Amino acid sequence: MKKVFALDKRYQLNDGAGSDAVHSTPNYAYAVCIIKTNSNIEGIGLAFTLGKGNDLVCKAIEHLSSHIEGKEINEMMRSFGSTYKKMADDPSYRWLGPHKGIIHLALAAIVNACYDLWAKSKGQPLWKLLIDLPSEELINTLDFSYIEDVLTRPEALQILNNANKEKAARKKILETGYPGYDTSVGWFNYEDEKIASNIKDTMDSGFTAMKLKVGGLDYKRDIRRAEMIRKIAGDNATIMFDANQQWNLPQAISMCESLKMLNPYWIEEPLHPDDVYGHVELAKEVDIKLALGEHVPNKVLFKNFLQSGSITFNQVDVVRVGGISEFILISLMSKKFNIPVVPHVGDMGQIHQHLVLFNHIALDHPALFLEYIPHLSSYFKNPACIENGHYRTPEFPGIGSDLLTY
């Protein structure tokens with residue numbers, strides 16, 4: 001790897017797209033890590049932000065990049081877990097986290113760029129590289145620090161080896177495609193008429209699952225729109241409600257009781273994302289399925305949520321946690337706790353379309369759904385392709401994060 005540098009890429013969304021109860025005028029952005037080599041192959045990695053502060057993540061990428069510059073990619077990936085640990089635990093920058101915030105987002109971009117370069121160097125899409133990798137070699141890319149009390153290296157190897165037994169049968173999903181759900185039906189700032197039209201359009205496109213943003217100060221508005229989406233989509237549709245962390249515990253209990261009548265597949269991010277005990281109390285008070293992970297920054301907090309028994313769906317995001325290495329580790333933990341992984345897609349599904357295939361084929365996670373957000377598809381060189389509500393299996397080398405312009 002000859003040189004590593006960062007780019008600040010921002011994209012303004014219009015007409016209410018991307019809005020939720022806290023982000024009224026979202027500006028999607030990527031802190032992009034680019035690894036230059038002596039060949040024409042580049043590693044491209046992303047971390048997701050919402051605009052302001054994206055430049056701070058880019059600056060942090062420049063600081064952390066010294067850990068990988070000058071190294072040969074295949075040699076480094078043979079023991080990438082140790083390289084990951086050195087970056088995550090850099091003595092000076094660790095103080096700014098640890099393992100969260102600007103520094104950890106920068107780590108995500110660098111780690112994702114390393115995996116992209118690795119896959120491209122072998123001429124393979126990420127999903128194929130990962131599912132074909134021998135279990136020992138895959139484990140060597142991970143850092144088990146701070147989670148050995150719930151998942152040891154031998155246990156992770158056992159999970160992989162057990163899953164290998166029916167691996168071939170699960171490869172059928174490469175032909176059928178991974179099922180998606182449409183999260184763009186019900187953005188918070190959309191008028192009711194637009195949501196009603198979107199529901200019909202998305203079902204005509206083959207989706208059977210969709211999401212509505214709730215969490216506003218006007219609870220009656222949330223309930224009215226939730227009832228509307230259920231009525232139009234019908235009883236057989238899979239519907240999720242996303243509060244984007246806007247309720248306190250008493251509010252969450254009340255709203256979850258009300259929304260429960262509409263048979264939601266899950267209630268997403270009902271409370272502050274660090275409030276493990278609050279989620280435990282909510283799960284005790286209301287018999288409803290909870291999903292979270294969009295704002296959970298690292299393996300330790302995911303460990304605590306899994307230990308708590310309060311979550312039903314793990315929404316770990318590869319451009320929020322420390323990249324692909326930490327995503328895989330969290331997926332292994334989640335498998336041990338029998339909690340399915342249904343990622344949040346800050347990458348618009350570009351990287352996650354590979355990772356959910358890996359999770360299903362190599363770890364035997366159930367193939368439930370992958371969130372679909374189309375708003376940035378025109379900016380990617382190889383945008384994720386949806387057919388009849390399913391992600392078509394990507395065949396191009398790398399992780400899918402190449403942008404059209406830099």
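Below: a short report on this structure. (Residues numbered from 1 in each chain as written. Predicted model: local features only at pLDDT ≥ 70, side-chain atom pairs only at ≥ 80, totals over all residues. Heavy atoms only, no water.)

For the rest of this paragraph, the subject is the overall build of the protein chain. Within the protein chain one finds 16 helices and 12 strands. Scaling as 2.2 N^0.38, a compact globule of 406 residues should have a C-alpha radius of gyration of about 22 Å, and the protein chain matches this with 20 Å. Classification of the 406 residues of the protein chain by burial places 61% in the buried group. Carbon and sulfur atoms provide 50% of the accessible area of the protein chain, an area that totals close to 15,900 Å². Computed over 42 positive and 49 negative side-chain charges, the inter-centroid distance for the protein chain is 3 Å. (Helix = DSSP H or I, 4+ residues; strand = E, 2+ residues; numbered from the N terminus. Rg over C-alpha atoms; globule rule 2.2 N^0.38 Å. Buried < 20%, exposed > 50% of the residue type's maximum accessible area, 1.4 Å probe, protein only. Areas by Shrake-Rupley, 256 points an atom, 1.4 Å probe, with all protein chains shown as cover. Lys, Arg positive; Asp, Glu negative; His and termini not counted. Charge placed at Lys NZ, Arg CZ, Asp CG, Glu CD.)

This brings us to the nonpolar core. In terms of nonpolar packing, the biggest core is built from 133 residues, with Y115, L151, F241 and L332 touching the most fellow members. Sort the elements by how many residues they give to this core and helix α4 (residues 101-121) lands first, with 14 residues. Those residues in contact with L332, other than ones at most four positions away along the chain, are I139, L142, L151, A156, I159, L160 and L363. If you look at the next biggest cluster of nonpolar residues, it comprises nine residues, including Y181, M240, W266 and A291. (Core = buried A, V, L, I, M, F, W, Y, C linked by side-chain atoms within 4.5 Å. Contact = heavy atoms within 4.5 Å.)

On to the layout of surface pockets, then. In this structure, the largest pocket occupies an estimated 420 Å³ of space. Looking at the largest pocket, it is lined by 31 residues, and the ones nearest its centre are F48, L50, E294, H295 and R320. Elements supplying a minimum of two residues to the lining of the largest pocket: β3 (43-49), α4 and β5 (209-213). With three residues, the single largest contributor to the lining of the largest pocket is α4. (1 Å grid on protein atoms, 1.4 Å probe; cavity = no way out; pocket = protein on both sides within 12 Å on 5 of 7 lines; lining within 4 Å. Points joined across faces, edges and corners; volume = space filled by probe spheres on them.)

Attention now moves to the sheet that holds strand β1 (residues 3-12). Strand order in the open sheet made by the three strands is β1-β2-β3, with antiparallel pairing throughout. Two strands in the sheet have a free side with no partner beyond their single neighbour: β1 and β3. Between one strand axis and the next, the sheet turns by 20° as a mean value, whatever way the strands run. Two strands pair when backbone bridges link them, and β1 and strand β2 (residues 27-36) are joined in this way by 10 bridges, in the antiparallel orientation. Pairing of Q12 across the sheet is with N27, part of β2. Helix α1 (residues 54-64) rests against β1, β2 and β3 of the sheet, and its axis sits at about 170° to β1. Strands β2 and β3 of the sheet are contacted by α4, whose axis makes an angle of about 150° with β3. (Pairing = 2+ DSSP bridges. Axes fitted to C-alpha atoms, helices over the stretch in contact; angles between N-to-C directions.)

Read these as layout, nothing more, since geometry by itself doesn't imply function.
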